[in-house]
Amino acid sequence: MLIGAFHAFGIVRMGLPPFIITLATLTSLRGIGLLITNGSTISITNDAFTTFSRADFLGIPSLFWMVIVVAIPAYVFLHLSRFGRYLFAVGSNSEAARLSGVNVNRTIYLAYILSSTCAAFVGLLLASRIGIGNATQAEGWELQAIASSVIGGTSLFGAVGSVHGPLLGAFILATINNGANLLNVNSFWQRIITGLLIIVIVYFDQLRRRGRGDGRLPATGPQQASERRMKAVVCSEPGRLALVARSGPEAPPPGSVRLAVSRVGICGTDYHIFEGKHPFLEYPRVMGHEISARVIEGGPGTRLAPGTLVVVNPYLSCGECIACRKGKPNCCTAIRVLGVHTDGAFCEEIVMPEQNLYPAEGLSPEAAAAVEFLAIGAHAVRRSAAGRGVRSLVIGAGPIGLGTAVFSRIAGHDVRLLDTSEERLAFATEKLGFSPGILAGDDAALAQATGGDGFDVVFDATGNAQSMERAFGHVAHGGTLVFVSVVKEEIRFSDPEFHKREMTLVASRNATREDFDHVIQSLAAGLVPIEALVTHRTTLEDLVRDLPRWVHDKSGLVKAVVAVSAG
Amino acid sequence: MSVETVESAGPTPKKGVSILFGLTLVGLLVVLWLLLGLATNAFWTPNNISNLLRQGAMTAILAVGQTFVIITAGIDLSVGAVVGFTSVIVAWLLAAGFRSGSRSSRRWRSAC
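Quantities reported herein were computed from a predicted structural model and do not represent experimental measurements.

With that settled, the discussion passes to the pairing of strand β14 (residues 391–395) of chain A. Residues and elements named next belong to chain A. Here β14 lies mainly inside the structure; four of its five residues are buried. Alignment of β14 against strand β15 (residues 414–419), held across five bridges, turns out to be parallel. Residue Arg-391 lies in a different strand from β15, and its bridge partner there is Asp-414. Between the parallel pair β14 and β15, the chain is carried across by helix α14 (residues 399–410), and the sense of this crossover is right-handed. Sheet topology places β14 next to strand β17 (residues 455–460); four bridges connect them, and they run parallel. Opposite Ser-392, over in β17, you have Val-457 as the bridge partner.

Here we come to the environment of Asp-515 of chain A. All names here are of chain A. Among the structural elements, Asp-515 can be located in helix α19 (residues 513–524). The sequence separation of Asp-515 and Gly-377 amounts to 138 residues, and the corresponding C-alpha distance is 8.9 Å. If we skip the residues at most four places from it in the chain, Asp-515 touches Ala-375, Ala-378, His-379 and Arg-382.

Contacts between the two partners involve 108 residues from chain A and, on the opposite side, 75 residues from chain B. Taking both partners together, chain A and chain B bury about 8000 Å²; carbon and sulfur atoms supply 76% of that area. Where chain A packs against chain B, one counts zero salt bridges. Counting every contact that joins chain A to chain B gives five residue pairs in polar contact (both at pLDDT 80 or more). By residue number, the principal contributor to the side of chain A that touches chain B is helix α7 (residues 104–130) of chain A, which donates 16 residues. A class-by-class count of the residues in the side of chain A that touches chain B yields 63 nonpolar, 33 polar and twelve charged.

Turning our eyes to something else, we now look at the environment of Ala-251 of chain A. Residues and elements named next belong to chain A. Here Ala-251 lies in the loop between β6 (240–247) and β7 (256–266). On the basis of relative accessibility, which here comes to 30%, the residue Ala-251 falls in the partly exposed class. Separated by 155 residues in the primary sequence, Ala-251 and Ala-96 have C-alpha atoms spaced 9.1 Å apart. Discounting residues that sit within four places of it in the chain, Ala-251 has contacts with Ser-92 and Glu-297.

Residue and element names in this part refer to chain A. Across all of its chains, the model carries 17 salt bridges over all chains by this definition. Glu-349 is the partner of Arg-258 in a salt bridge, and the nearest nitrogen-oxygen pair spans 2.6 Å. Taken together, the residues span a long stretch of sequence, with Arg-258 in strand β7 and Glu-349 in strand β12 (residues 349–353) at a distance of 91 residues. Accessibility classification places Arg-258 together with Glu-349 in one group, the buried group. Note that Lys-500 is salt-bridged to Glu-497, the shortest N-O span being 3.2 Å. Taken together, the residues Lys-500 and Glu-497, both in helix α18 (residues 495–500) and three residues apart, mark about one turn of the helix. We classify Lys-500 as partly exposed; its relative accessible area is 48%.

Soluble, globular proteins show a tendency: their nonpolar side chains are buried together. Counting 97 residues, the largest nonpolar core has Leu-259, Phe-346 and Leu-547 of chain A as its most contacted members. Judged by nonpolar contacts, the second largest core, of 71 residues, contains Ile-44, Tyr-112, Ala-138 and Ala-170 of chain A.

Bringing the pairing of strand β9 (residues 309–312) of chain A into the picture now. Each regular strand displays side chains that alternate between the two surfaces of the sheet. Residue and element names in this part refer to chain A. Across the two faces of β9 the burial is the same, with Leu-309 and Val-311 and Val-310 and Val-312 all buried. Both strand β8 (residues 290–298) and β9 contribute to a ladder of four bridges, which runs antiparallel. The residue bridging Ser-292 from the neighbouring strand is Val-311, located in β9.

What follows concerns the side chain of Arg-285 of chain A. All names here are of chain A. Relative to the helices and strands, Arg-285 is located in the loop between α11 (268–275) and β8. The exposure class of Arg-285 is buried, given its relative accessible area of 10%. A distance of 3.0 Å separates a polar side-chain atom of Arg-285 from the backbone oxygen of His-341. Sequence-distant contacts of Arg-285, that is, excluding residues within four places in its chain, are made with Val-233, Val-234, Cys-235, Gly-339, Val-340, His-341, Thr-342 and Asp-343.

Cut-offs and rules
Going along each chain's sequence as written, the residues are numbered from 1 onward. Chains carry letters and ligands carry numbers; both start at the beginning, A for chains and 1 for ligands, and go up in the order they are written. With the structure being a predicted model, the display of local features is reserved for residues of pLDDT at least 70 and the display and counting of side-chain atom pairs for 80 or more, all residues being used for whole-chain, interface and lining totals. Hydrogen atoms and water are omitted, and side-chain values are computed over all heavy atoms in the structure. Think of it in three bands: residues with accessible area under 20% of the maximum for their type are buried, residues over 50% are exposed, and the middle band is partly exposed, with areas taken using a 1.4 Å probe on protein chains only. Only runs of H or I of at least four residues qualify as helices and only runs of E of at least two qualify as strands under DSSP, and these elements are numbered from the N terminus. At least two bridges found by DSSP between two strands is the condition for calling them paired. By convention, a crossover is right-handed whenever its connection, traced from the first strand over the helix to the second and viewed with the strands pointing away, goes clockwise. Contact between two residues is taken to exist if any of their heavy atoms lie within 4.5 Å; hydrogens are not considered. By buried area we mean how much accessible surface two parts lose on assembly, using a 1.4 Å probe and totalling the loss over both. Each salt bridge in this description consists of a side-chain nitrogen of Lys or Arg and a carboxyl oxygen of Asp or Glu lying within 4 Å of one another. Here a polar contact is recorded for every N or O atom pair within 3.5 Å, except that within protein the pair must consist of a potential hydrogen donor and a potential acceptor, and residues adjacent in sequence are included only if both atoms are side-chain atoms. Residues were grouped as follows: Ala, Val, Leu, Ile, Met, Phe, Trp, Tyr, Cys and Pro as nonpolar; Asp, Glu, Lys and Arg as charged; and all remaining residues, including Gly, as polar. Throughout, nonpolar core names a set of buried Ala, Val, Leu, Ile, Met, Phe, Trp, Tyr and Cys residues whose side chains join them through atoms within 4.5 Å.

Okay, structure coming up:
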């Protein structure tokens, strides 16, 4: 197992080709083995150990039972478990697998560890069978193993294989060797036959792939460049956007779906990435995470029909950490957001895990692209746990604040908005039908709004530390403060003020499927004034010109949407 | 949009192919056995069959392990050496005192 881990380490961390590192181990291990044995062999005198391999059980050699012992868990692992699917996904297209939330490095570790563990197990059986430890034993068995696997239908190009195939392959090979022995064919011929078999089978494998027009070549394959091209807008470095043609995603791995991007909303985060204000971001980056899209094709095991309009949940969670185990993938410890940590949807096609796609029944493509940013607000309202009839205050009338206000209203709250901009407050009143807003600093109006009681729920969506600190003072006794937006700085508050209110302080991060569903239903029911919220529209081609403009000129801008395709 | 250039094949019926392929392999194996049975009297003897099963067993287990790696588009050339190396370690451990009284399961664990 250690050896397997070492191989994976060399491949994953040091970037060595698998061929080289395992070849290096081959010769080193033989050397170490010869050192231990001083160049000779160690004989085994333990009878119980050596008789095991000669024993029969139910008339079948115990060694063959060992095959069954290995094959059943291997079958379950490869064909029925999540990790098996990951193996195929990595072999099919490791980049797409990574984008779909598969931990590629860990999957590679797993594969090599399993291979070495199987080999160690065989070493044990071999020692039992021949009764000696000999470092030069099993010479050429790696080729036998590869040949068996390939005869059994495993493709050396990755992503195709089974457990029963290699088993049959191994016995076919054993039969050929056995027959050759019985017929007194020189054992050297057996090796030649094995070699020729590999060449012939790999050749046919290649023909089959070409015949199918299957594009699944290694990720760096030269043919890939001539595959489908797609347009994408890339932020190559802060302040630079470029429309480029790049190769589109390949066939989706199992459990994932290839999508034609329909509409993408532009988020504050996208402007921050463009301006270089995002703290942890690697350029170049394709941005865009507020996505609606249509299904082109599903990978094996998926159910979404081609043509279905879906909302894309851009949060890729690990599925294993403490938060994911609690059913809170929105605050996964290893969360990755499409368009931030990995390339997003300012392009024509993406591949996503099916579990991140929610059918957008009854929604327009544009409304479906608004679901993600509205879900942030819906999540914040759900986090507040406030019932109908309470008085709520939303600080910050930007897109997230307005979304929060809309869902606060849908939850039956009496909503007021507070902002520094009269223009934004007027927009909320005139276009979205909210009660007159309160201008920041107008403490009299603020106090008057609740008769001096304070608000039962206060949402801060400003992304401003000072505002967050002041927000404590707006909360009624027994009320709740929800921080929707996040800041880098520390914030301070007075404990007596906090305590005497017995205030609940809640952080709200991202959103979960429940929130997405709630937003989709609310949109379909016409409860969200989506036509008013989308104020600006552009296309992928014009985005290069429009996005830099909107960074500086946000007058009248609430939500801008990029129309990537007509559908 | 380049959607129209997409092959209309949809998800390839891989499951079906693989079952058909498996049957072909079984067929090939049976044909080999029949041919060898015709070619030599020594083939269909209990001794030879169990010998064949033993011989194939080790390769089979190696091949299953190897398959995991090949599926990820990698290759593991070290398995033969790992087999030899493990046999040395096992023999060494047995010689060094795991000789008597130790249950086989414990030996296995120490070898892996």
